[in-house]
Amino acid sequence: MQKFLSDLGSCTAIIGAQWGDEGKGKVTDILGEHFDVIARACGGANAGHTIVVGGKKHVFHLLPAGCLHEGKPVVLGSGMVIHLATLLEEIETLKRAGVNLLDRLFISGSAHILFEFHKNIDVVMEERRGAKGIGTTKRGIGPAYMDKAARSGVRMEQLTSDLAAVLTEKAKAVKSMYGIDVDMEAELGALKTAAALLKHTIVPSLPDFLRGFIEKKKTMLIEGAQAVLLDLDHGSYPYVTSSFTTATGALQGLGLPPKILSSCIGVAKAYCTRVGSGDFLTEDTGEAGERLRERGGEYGSTTGRPRRTGWLHLPDLKYGAFINGFTAINLTKLDVLDTEKEIPVGIGVEAGGKVIYEKLAGWQTSTKSITEFSKLPKAAQDYVLFIEKQIRVPIRLIGTGQGREEIIIRN
Ligand code: IMP
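Numbering of residues begins from 1 in every chain and follows the order in which that chain's sequence is written. Only residues with pLDDT of at least 70 are given local features in this predicted model, and only at 80 or more are side-chain atom pairs given and counted; all residues enter the totals for whole chains, interfaces and linings. Only hydrogens and water are set aside when side-chain values are computed; all heavy atoms of the structure are taken into account.

## A few points about the overall build of the chain
- Helix and strand assignments follow DSSP, with helices taken as H or I runs no shorter than four residues and strands as E runs no shorter than two, numbered in order from the N terminus. A tally of regular secondary structure across the chain gives 12 helices and 17 strands.
- Here the chain has a C-alpha radius of gyration of 21 Å; the compact-globule value for 411 residues is 22 Å, and the two agree.
- For the chain, the spread of C-alpha atoms along the three principal axes comes to 65 × 50 × 40 Å.
- Exposed residues in this analysis have more than 50% of their type's maximum accessible area, buried residues have under 20%, and partly exposed residues fall in between, with area computed by a 1.4 Å probe over protein chains only. Going through the 411 residues of the chain one by one, you find that 56% of them count as buried.
- Throughout, a residue-residue contact means that at least one pair of heavy atoms, one from each residue, lies within 4.5 Å. Nonlocal contacts in the chain, meaning residues at least 24 apart in sequence, comprise 74% of its contacts between residues at least 6 apart. Throughout, radius of gyration means the C-alpha value; the globule benchmark is 2.2 Å times the number of residues raised to the power 0.38.

Structure representation (structure tokens):
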């Protein structure tokens, strides 16, 4: 572990290498205690990670998984869209478990507020798309970023301002475009409640604030949200989210210079899943896919939707490794493959669009809880080494179960 940690350096980003839900929360949780500052950069309550607080499982959507480490500053970046009631609920959940966040939470004043009506618009837009629906999480993400890009959004720095007039104007536009009645009283009430609790957490200039940490030689862990293939620019458009999910996107969302990143961990499942619509070349809609879903508990943590399941597609991992400059891979959930006789891995695509598979031998024995690479069955070792060789990035972390200890760290 020590060698792995020292290789990471002072600023590490953790980035999803597929379509999200790769299990970034676990590695953030494990690494969090070794860094001084934990930051989230982009996205909103579309993300979801399960955190065990006070012996109880909770799904968090806005706070980074590293927020449980007492005393560490937690930063919410300028690239985020923040649904205030959700954030307050998460802070309250932590408080009930005896974890105080309010004195170490720092929210960029440039982050945008995601209103209830953004969620309503998300639902209407999905209905209007009909069969071409994106399958969004209905958390209002697209509409909030639409307002941001149109330069008509409301930012966290305005939280304590009187927003009645701004929202009245907005409500008129929302009614005429989407037929939605904005509940002004509820929206203004939510702002007031949030302002009382959060006004002291708002940072006017996030880059200046973070520079203060850097100058004091503090180390930083950046927790990416969603994943490369959902990136607005570089993902499978239009079946993507509305933010920038790459390492570069995370740096942009925090206002940090590119050269600051000392390492980037790409997190990929040992197989592949996707929620929502869009291409999934290596999807398995048969029995094996069903088995992966059941064994891997592949149901969305934000929406509860069954995830589509299938096999690794190495060209996608190579693509993600290039865009993000992965210095290491965390391959998660290897144990989910334990019962497979044969494991197909997509290695390319024929001219006609057909996936070319390499079929690797399964190991059909339990790898659950194994913490040393040499203790893995030979076929499981070969599986990992095959992927590593193809994508040319060392696989230094391998998940072998849900628990915090169930991980192999390779030096
Ligand atoms: P939106 O971000 O809610 O607009 O959803 C756009 C697409 O991204 C949909 O296919 C969602 O299922 C997917 N998506 C958004 N956030 C996540 C995530 O955290 N994990 C997995 N998929 C996500």
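## A closer look at the packing of aromatic side chains
- For Phe, Tyr and Trp, where Trp contributes only its six-membered ring, two rings pair if their centres lie within 6.5 Å, and the inter-plane angle classes them as stacked under 30 degrees, edge-to-face over 60, or tilted in between. Under the counting rule described, the total for this entry stands at 5 aromatic pairs.
- Ring centres of Trp19 and Phe280 lie 5.3 Å apart, and the angle between their planes is 55°; this geometry places the pair in the tilted category. Note that Trp19 is positioned in the loop between β1 (11–16) and α2 (24–32) and Phe280 in the loop between β11 (272–274) and α10 (287–296), a separation of 261 residues in sequence. Phe280 carries the same exposure label as Trp19, and that label is buried.
- With a centroid separation of 5.3 Å and an interplanar angle of 5°, the aromatic rings of Phe115 and Phe117 are classed as stacked.
- Exposure remark for Phe115: the relative accessible area of 3% places this residue in the buried category.
- By the criterion adopted, a ring carries a charge over it if an Arg CZ or a Lys NZ lies within 6 Å of its centre and within 35 degrees of its normal. Sitting over the face of the ring of Phe373, Arg410 holds its NZ or CZ atom 4.3 Å from the ring centroid.

## Quick look at the pairing of strand β10 (residues 263–269)
- Burial within β10 is extensive, with 7 of its 7 residues counted as buried.
- Judged by which residues are buried, β10 turns out to be covered on both faces: Ser263, Ile265, Val267 and Lys269 on one side and Cys264, Gly266 and Ala268 on the other are all buried.
- Two strands pair if DSSP finds at least two bridges between them. As judged from the 5 bridges shared by β1 and β10, these two strands associate in the parallel manner. By the bridge assignment, Gly16 is partnered in β10 with Val267.
- As judged from the 5 bridges shared by β10 and strand β13 (residues 328–332), these two strands associate in the parallel manner. If you follow Gly266 over to β13, its bridge partner there is Ile329.

## Examining the environment of Glu372
- Following the sequence through the fold, Glu372 ends up in the loop between β15 (355–361) and α12 (378–391).
- Sequence separation between Glu372 and Ile409 is 37 residues, and the spatial gap between their C-alpha atoms is 7.3 Å.

## A short note on the site of the ligand
- Whether a residue is near a molecule or strand depends on its heavy atoms: it is near if one of them lies within 4 Å of it. Every one of the 17 residues lining the ligand counts as a neighbour, but Asp21, Asn46, Thr137, Thr241 and Arg305 are closest to it.
- In protein, a polar contact means a hydrogen-donor-capable atom and an acceptor-capable atom, both N or O and within 3.5 Å, with residues adjacent in sequence counting only if both atoms are side-chain atoms; elsewhere, any N or O pair within 3.5 Å suffices. In the model, a nitrogen atom of the ligand is placed 3.0 Å from a nitrogen or oxygen of the Asp21 side chain.
- A breakdown of the residues in the shell around the ligand according to their chemical character gives 7 nonpolar, 8 polar and 2 charged.
- In terms of domain composition, the shell around the ligand takes at least three residues from each of domain 1 (2–34 + 207–409) and domain 2 (112–202). Under the convention adopted here, Pro, Cys and the residues Ala, Val, Leu, Ile, Met, Phe, Trp and Tyr are nonpolar, Asp, Glu, Lys and Arg are charged, and Gly plus all remaining residues are polar. Start and end points for every domain follow an automatic or database-based domain assignment.

## Brief notes about helix α7 (residues 184–198)
- How far a helix is expected to stretch is found by multiplying one less than its residue total by 1.5 Å. Taking 1.5 Å as the rise per residue, α7 with 15 residues should run 21 Å; its terminal C-alpha atoms sit 21 Å apart, in good agreement.
- Glu187, Leu191, Ala194, Ala195 and Leu198 are the residues of α7 that are buried. Around the axis of α7, the buried residues are gathered within 105° of arc, so they sit on the same side. In α7, the exposed positions that point more than 90 degrees away from the buried face belong to Glu185, Lys192 and Ala196.
- At its buried positions, α7 is contacted by α3 (84–96), β6 (105–108), β7 (112–113), α4 (116–129), α6 (164–178) and β8 (202–203). The reported arc concerns the directions from the helix axis to the C-beta atoms and nothing else.

## Things to note about the domain arrangement of the chain
- Looking at the chain, the domain boundaries give domain 1 (2–34 + 207–409) and domain 2 (112–202).
- Centre-to-centre, using C-alpha coordinates, domain 1 lies 32 Å away from domain 2.
- Buried area: the accessible surface (1.4 Å probe) lost by two parts on joining, summed over both. Between domain 1 and domain 2, the buried area comes to about 720 Å², and carbon and sulfur atoms account for 53% of it.
- The salt bridge criterion pairs a side-chain nitrogen of Lys or Arg with a carboxyl oxygen of Asp or Glu, the two atoms within 4 Å. Taken together, the connections running from domain 1 to domain 2 amount to 0 salt bridges.
- On inspection of domain 1 and its partner domain 2, the count reaches 3 residue pairs in polar contact (both at pLDDT 80 or more).
- Considered class by class, the residues forming the side of domain 1 that touches domain 2 number 3 nonpolar, 7 polar and 1 charged.

## Comments concerning the pattern of salt bridges
- Counted under the stated rule, the structure contains 25 salt bridges.
- Among the ionic pairs, Glu340 bridges to Arg291, the shortest N-O distance being 2.7 Å. Residue Glu340 is found in the loop between β13 and β14 (342–349), and its partner Arg291 is found in helix α10; the two are separated by 49 residues along the sequence.
- Residue Arg291 is classed as partly exposed on the basis of its relative accessible area, which comes to 32%.
- Among the charged side chains, a salt-bridge network with shared partners connects Asp21, Lys269, Glu298, Arg307 and Lys333.

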